[in-house]
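Each chain is listed here by its residues.
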Amino acid sequence: AQALDLSLADARFGPDVLEVAARAAADGWAEAVDGADAPLERVASPEAVQALLYGRDAERTTRLVVRGPRVERIRIEHLAPAPEPATMTLTVSLRGRRYVEHRDTTDVVTGSKDREIQWTERWTMALDGTDATPWRLVGVGAD
């Protein structure tokens, strides 16, 4: 209801726009954890890309890998139109074979290449992007 009210003044708050932005972020993540970073980089800040793919490893010697990534559910939990930039908080339920791998040796540091798991993350998107992608993924945390 809040999104519908806000969309009367600014179409970027339209529920369909919010849904498309959330799905684009999830799709970019799903491509990046199993391949190239570019799809995620188009819809996320450098800090969010770092958090999603490399965690706290500033040297980027390890990387999160998810084989067979599936986004099971995206839920917009909160929409905050002020202060600027406006933000929305998403709860994203994910599934796949999730592990952290050493980039040079391909040794598994944590997780499992064989066991599929389900987990949930909280993502924050901000209305600070371009006209083509007004909502960008800017924050990542565990649920």
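Located above this text is the structure these notes cover.
To start, this report covers the structure provided alongside it. Predicted model, so just to flag it, every value in this text is computed and none were measured.

### Focus: the packing of aromatic side chains
So, step 1. According to the stated counting rule, one finds three aromatic pairs in the structure shown.
So, step 2. Considering the side-chain rings of Phe 13 and Trp 135, the 5.7 Å spacing of their centres and the 85° angle between planes classify their relative orientation as edge-to-face. With a gap of 122 residues between them, Phe 13 in the loop between helix H1 (2–7) and helix H2 (15–32) and Trp 135 in strand S5 (residues 135–142) connect regions that are remote in the sequence. Of the two residues, Phe 13 and Trp 135, neither departs from the other in class, the shared state being buried.
So, step 3. Taken together, the ring pairs connect Trp 29, Trp 119 and Trp 123 into an aromatic cluster.
So, step 4. Its end group placed over the ring of Trp 119, Arg 98 keeps NZ or CZ at 4.6 Å from the ring centre.

### Remarks on helix H4 (residues 46–54)
So, step 1. All of the buried residues in H4 are Ala 48, Val 49, Gln 50, Leu 52, Leu 53 and Tyr 54.
So, step 2. Two residues or fewer past H4, Gly 55 is found with a positive phi of approximately 60°.

### What about the pattern of salt bridges?
So, step 1. Scanning the entire structure with this criterion turns up nine salt bridges.
So, step 2. We note a salt bridge from Arg 95 to Glu 116, for which the minimum N-O separation is 3.6 Å. Of this pair, Arg 95 sits in strand S2 (residues 87–102) while Glu 116 sits in the loop between strand S3 (108–111) and strand S4 (117–127), placing them 21 residues apart in sequence.
So, step 3. The partner of Glu 121 in a salt bridge is Arg 98, with the nearest N and O atoms 3.7 Å apart. Here the residue Glu 121 occupies a position in strand S4, and Arg 98 occupies one in strand S2, the gap between them amounting to 23 residues.
So, step 4. Given the relative accessible area of 7%, Glu 121 is considered buried.

### Concerning H2
So, step 1. The terminal C-alpha atoms of H2, which comprises 18 residues, lie 26 Å apart, in line with the 26 Å expected from a rise of 1.5 Å per residue.
So, step 2. Within H2, the full set of buried residues consists of Leu 18, Ala 21, Ala 22, Ala 25, Ala 26, Gly 28, Trp 29, Ala 30 and Ala 32.

### Looking at the pairing of S3
So, step 1. Bridging between S2 and S3 involves three bridges; their strand directions are antiparallel. Paired with Glu 101 across the bridge in S3 is Val 108.
So, step 2. In textbook terms, the turn of a hairpin is the stretch between consecutive antiparallel strands, and for S2 and S3 this stretch comprises five residues, one of which, Thr 106, has a positive phi near 60°.

Parameters at a glance
Residues numbered from 1 in each chain as written. Predicted model: local features only at pLDDT ≥ 70, side-chain atom pairs only at ≥ 80, totals over all residues. Heavy atoms only, no water. Phe/Tyr/Trp six-rings, centres within 6.5 Å; stacked < 30°, edge-to-face > 60°. Helix = DSSP H or I, 4+ residues; strand = E, 2+ residues; numbered from the N terminus. Buried < 20%, exposed > 50% of the residue type's maximum accessible area, 1.4 Å probe, protein only. Lys NZ or Arg CZ within 6 Å of the ring centre and 35° of its normal. Salt bridge = Lys/Arg side-chain N within 4 Å of Asp/Glu carboxyl O. Expected span 1.5 Å × (residues − 1). Pairing = 2+ DSSP bridges.

By themselves, these are just geometric observations and shouldn't be taken as functional.
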